[in-house]
Amino acid sequence: MPALLEVKHLKKYFKTGGGLLHAVDDITFTLEKGRTLGVVGESGCGKTTLGRIILHLLDLTDGQILFEGKDISNPSKKELVKAREQMQIIFQDPYSSLNPRMSVSETIMEPLILQGKLTKDEIMEETGNLMDIVGLAERFKNSYPHELDGGRRQRIGVARALALNPKFIVCDEPVSALDVSIQAQIINLMLDLQEERGLAYMFVTHDLSVVKYISDDIMVMYLGQMVEKAPSDELFSHPMHPYTQALLSAIPVPNIHNKKQRIIMQGELTSPINPKPGCRFMDRCRYASPECSEPQVLEEPLPNHFVACCKSNQKEEEEK
Amino acid sequence: MRKPVTKPEQKRKKSKFGDIWRRLKKNKAAMISLFIITLIILVAVFADIIAPYPYEQQDYSATYVSPSLQHPLGTDKLGRDTFSRLIYGTRQSIQLGIVAIAISTTIGITIGAIAGYYGGWTDNLVMRGLDIYQSIPMFLLCVTLAALMGPSLKNAIIAIGISMVPIPARMMRASILSVREMEYIEAAKAINAKNLRIILKHIIPNAISPLIVSTTMSIGMNILAGAQLSFIGLGAQPPLPEWGTMISDARNVMRDHGELALYPGVCIMITVLAFNLLGDGLRDALDPRLKN
C-alpha cells in the first residue's frame, strides 16, 4: 500500500526583484496514515510555504506530490476538489482565519455546503456533531468569532478542517497565537482526534517543546532546505546537524542547577534569494570549513535519520 | 438528541435581518433618516394626490406671489405653484439620486471586485482602463453621454450612473485588496469554495463598509449632477419640475426672490443628509462586531 503522502523533490521559487527566492528547495519526505510529521525552523525558512503548496494554495515550481499513490502535483480542477476533501489546513492565527461576518455554525457548515452531498437538515446535524467533537458548546453556534476567545476560535478552525473528514491536516502553527494553557487544550484535542480518526498531521511550528510532544518524526528546515529529519526521540537525543544542535540548545530547561550549554549562533540568516550552491548554514556554523561550500548531500547515517551536512560524520568521531 | 437543532436554526436565518434591524433601531439618527426617506418616497409616489395644483399650470396674473393659503410657498415667474412643483420634483430628483447610484454602484462593485480579487494583469488592465476613463472630466463625460443619448431624464440618469462608475470601483478594489490577504480567504479556497462564492460571501461582506457611506454620500452628488445637466437642457425637460432645475431657474431672480432657490435647496439638503445618516447607521448595523 502506498504511503498516505509522499513529497518528492518539492521546489517553490518566487520571482522577486532581486532574483529567485528559494522558499522551498528540494524537500522530500513521506508521511504514513495516523502519523505526525513536525516541521521546525526559524521564521522565513519556508515551512509555512511547504504546507500551502501541498494543499495547492500555492502552485509548486517543481517536484511531485503523491497522495495515496496518486500524483496530485498538477491536478485538474476535479482532482483538486477531490484532493482537498482529503487534505485540510488549520491556520496559525484564529483571528484572521475566520470570516468575521459569519457565525460559528455558518463557518463550520460552509465546507459541507460546498461539498453539496448532504441535505440541509443533515448539514445542521453534522455541524452540531462537529461542534460537539471539538468541544464547542451548542450555545455558541450563533456567536460571531469576535465574541469568543482565542482557544474557542481555534476550535472553530479545527471543526472546519474536520468537516469533510480528511485524512491529512496541515497544522500551520495552530497554537503559537494562543496562551500556553490553551495551547495544551488544543494540542490534546488534536491528539485525541488523531487517535479516533487516524489522521495524519504535518505540524508546522517553531515551538520545539510542542513539536517534541506531538510528533513522530521531525524535519528541521533551514532556508527552504531540509537539513535533518529523524524520529522525534532520536532527533532530540542525538541531533547531528549543527543547526539542529543550536536549535535544541535554545529550549529553556526549567532547572537552575542543570544549566546546559547554549550554542549561540553567530551571523545573520543568509538571504534566500539566489543562494550559493553550498551549505546554506555555513556562514553561521561553528564547524564550517571549505568543503561546506560544495552542495550538501542528504545522507542516512543511521536508519531513518537523515542529515545534510558533510561534517556530521567527523563530529561524531570527535565526540567519541 | 440533535433533532431539535433544525428548528432554532431556521429561526435564526430570519433573525439575521432581525438582528440588523434591532441594531439599526438603536441608532436614533438613522431611524429619523429612515422616516424622512420613507416620507420622501411616499411624497414622490402620491405626488398627484398631495400637490394642490398640476406642476405645469401657469397663471400670469399671479407671478412671484408671496406665500399665502392659496400658494403655501408662493409662485414662480410663470405663476406656477412652487409647493406643487417641489412635490412633483421629488419624483425626478429621487430617481436621479437612487437609480443613478444603483447603476454606478452595481457596475463599480463588479469591476472593482474583479480587479481586486484576481489582481495581476487583470487588475492592471481594469485599473489602467479606469485611469483613462477618469482622465476625462466626470461632468464632461456626463454631458457627452447625455447629449449622445438625447436629452431626457432617463438618459441623464444613465449618463450620471455610467460616469460615476470609477468612484465605487476604486473604492471596492482598495477595500478588497486588504481583505483578500486574510487567512479566511485561503481557508475558503482550501474547502473548495469557487471564486464567485469567495467574492460574494467572504470578500464583499467584509469589504463593503466604506462603500456604503460613500454611496449614500453620492446620492446627493447625483441629484446635484442631475441639476447641472438640467441646467444645460440635458436633464429633466421643462415643464417637468426637478429640484436642481428649480434652483437654476431661481438663479436669475436670486436677489429679489431668493426663497425660490431656498426651497428646493433645503429639500436636496434634507434628502442628502437623510441618506448619509441612514448609510452611516446601516454600516454599523451590518457589522456584527459592533453588536451590543
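Refer to the structure above for everything that follows.
A few points on the structure. Please read these numbers as outputs of a predicted model, since none were measured by experiment. (Residues numbered from 1 in each chain as written. Chains lettered and ligands numbered in written order. Predicted model: local features only at pLDDT ≥ 70, side-chain atom pairs only at ≥ 80, totals over all residues. Heavy atoms only, no water.)

A closer look at helix 2 (residues 28–45) of chain B
Residues and elements named next belong to chain B.
- Its 18 residues place the ends of helix 2 26 Å apart at the C-alpha level, agreeing with the 26 Å of an ideal helix rising 1.5 Å per residue.
- For helix 2, the full list of buried residues reads A30, S33, I37, I40 and A44. Down the axis of helix 2, the buried set is contained in an arc of 85°. They therefore lie on one face. Those residues of helix 2 that are exposed and aimed more than 90 degrees away from the buried face are K28, I32 and F35. (Helix = DSSP H or I, 4+ residues; strand = E, 2+ residues; numbered from the N terminus. Expected span 1.5 Å × (residues − 1). Buried < 20%, exposed > 50% of the residue type's maximum accessible area, 1.4 Å probe, protein only. Arc of directions from axis to C-beta.)

A closer look at the nonpolar core
Residue and element names in this part refer to chain A.
- Ranked by internal contacts, the top residues of the largest apolar core, which has 35 residues, are I108, L136, L162 and I169.
- Looking at this core, the element that brings in the most residues is helix 6 (residues 180–197), giving six residues.
- Not counting chain neighbours up to four residues away, the residues in contact with I108 comprise T127, L130, M131, L136, I156, A159 and A163. (Core = buried A, V, L, I, M, F, W, Y, C linked by side-chain atoms within 4.5 Å. Contact = heavy atoms within 4.5 Å.)

Side note on the sheet that holds strand 4 (residues 62–67) of chain A
Residues and elements named next belong to chain A.
- The four strands are arranged 2-1-4-5 in an open sheet whose pairing can be described as antiparallel. Of all the strands in the sheet, the pair left with one neighbour each is strand 2 (19–31) and strand 5 (70–71).
- In this sheet, strand 2 lies alongside strand 1 (residues 5–16) in antiparallel orientation, the contact comprising ten bridges. Looking across to strand 2, one finds that V7 is bridged to F29. (Pairing = 2+ DSSP bridges.)

A word on a positive patch on the surface
- Side chains of K70, K78, K82 and K117 of chain A sit close together on the surface and give a patch of like positive charge.
- With respect to the element layout, K70 of chain A can be found in strand 5. (Patch = residues over 30% accessible without salt bridge, like charges linked within 9 Å, V, L, I, M, F, W, Y side chains within 5 Å. Areas by Shrake-Rupley, 256 points an atom, 1.4 Å probe, with all protein chains shown as cover. Salt bridge = Lys/Arg side-chain N within 4 Å of Asp/Glu carboxyl O. Lys, Arg positive; Asp, Glu negative; His and termini not counted. Charge placed at Lys NZ, Arg CZ, Asp CG, Glu CD.)

Some remarks on the pattern of salt bridges
- Throughout the structure, instances matching the rule amount to 23 salt bridges over all chains.
- In this structure, R35 of chain A engages D217 of chain A in a salt bridge whose closest nitrogen and oxygen atoms are separated by 3.7 Å. With R35 of chain A in the loop between strand 2 and strand 3 (36–40) and D217 of chain A in strand 9 (residues 217–222), the pair connects residues that are 182 residues apart, well separated along the chain.
- Note that E110 of chain A and K201 of chain B form a salt bridge whose closest N and O atoms lie 3.4 Å from each other. Of the two residues, E110 of chain A sits in helix 3 (residues 104–115) while K201 of chain B sits in helix 10 (residues 195–207), which places them in two different chains.
- On the accessibility criterion, K201 of chain B (28% relative accessible area) is partly exposed.
- Taken together, the shared-partner salt bridges in this structure form one network comprising R52 and D172 of chain A together with E183 and E186 of chain B.

Examining the side chain of E242 of chain B
- Tracing the chain through its elements places E242 of chain B in the loop between helix 11 (209–231) and helix 12 (243–250).
- It is R85 of chain B that comes nearest to the buried, bridge-free E242 of chain B among opposite-charge side chains, at 9.5 Å.

Points about the packing of helix 2 of chain B against helix 13 (residues 259–286) of chain B
Residues and elements named next belong to chain B.
- In the contact formed by helix 2 and helix 13, the axes pass within 8 Å of each other and the chain directions differ by 135°. In terms of axis orientation, helix 2 runs oblique to helix 13. The element helix 2 and its partner helix 13 pack so that their crossing is left-handed. Facing A29, A30, S33, L34, I36, I37 and I40 of helix 2, the residues of helix 13 in contact are I270, T271, A274, F275, L277, L278 and G281.
- Class assignment for the residues of the contact of helix 2 with helix 13 results in eleven nonpolar, three polar and no charged. (Axes fitted to C-alpha atoms, helices over the stretch in contact; angles between N-to-C directions. Parallel < 35°, antiparallel > 145°, perpendicular 65-115°, else oblique. Left-handed = near helix turned anticlockwise from the far one by under 90°. Nonpolar A, V, L, I, M, F, W, Y, C, P; charged D, E, K, R; others polar.)

A look at empty space enclosed by the protein
Residue and element names in this part refer to chain B.
- Applying the stated criterion across every chain yields a total of five cavities of 30 Å³ or more.
- Considered as a void within the structure, the largest cavity measures approximately 150 Å³ in volume.
- Every residue lining the largest cavity is listed: Y64, D76, K77, R80, T82, R85, M246, D249, A250, V253 and L260.
- When residues of the lining of the largest cavity are traced back to their parent elements, those giving at least two are helix 4 (82–118) and helix 12.
- The biggest single contributor to the lining of the largest cavity is helix 12, with three residues.
- For the lining of the largest cavity, a count of residues per class yields five nonpolar, one polar and five charged. (1 Å grid on protein atoms, 1.4 Å probe; cavity = no way out; pocket = protein on both sides within 12 Å on 5 of 7 lines; lining within 4 Å. Points joined across faces, edges and corners; volume = space filled by probe spheres on them.)

Regarding unusual backbone geometry
Residue and element names in this part refer to chain A.
- For E68, which is not glycine, the phi dihedral falls at a positive 50°.
- Tracing the sequence through the fold places E68 in the loop between strand 4 and strand 5.
- A residue is classified by how much of its surface remains accessible, and E68, at 35% relative accessible area, is partly exposed.
- Its identity as a non-glycine residue notwithstanding, E173 has a phi of 45°, on the positive side.
- Residue placement: E173 occurs in the loop between strand 7 (168–172) and helix 6.

Brief notes about the interface of chain A and chain B
- In this complex, chain A contributes 39 residues to the contact, which on the side of chain B involves 30 residues.
- Across the interface of chain A and chain B, roughly 3300 Å² is buried in total on both sides, 52% from carbon and sulfur atoms.
- Looking at the side of chain A facing chain B, the largest losses of area belong to R101, L114 and M124 of chain A, adding up to 21% of the total buried there.
- Our count for the contact surface shared by chain A and chain B stands at four salt bridges.
- Of all elements in the fold, only helix 2 (77–86), strand 6 (87–90), helix 3 and helix 4 (120–134) of chain A reach the threshold of two or more residues within the side of chain A that touches chain B.
- Per-element accounting of the side of chain A that touches chain B gives the leading share, seven residues, to helix 3 of chain A.
- By residue class, the composition of the side of chain A that touches chain B is 14 nonpolar, eleven polar and 14 charged. (Buried area = accessible area lost by both parts, 1.4 Å probe.)

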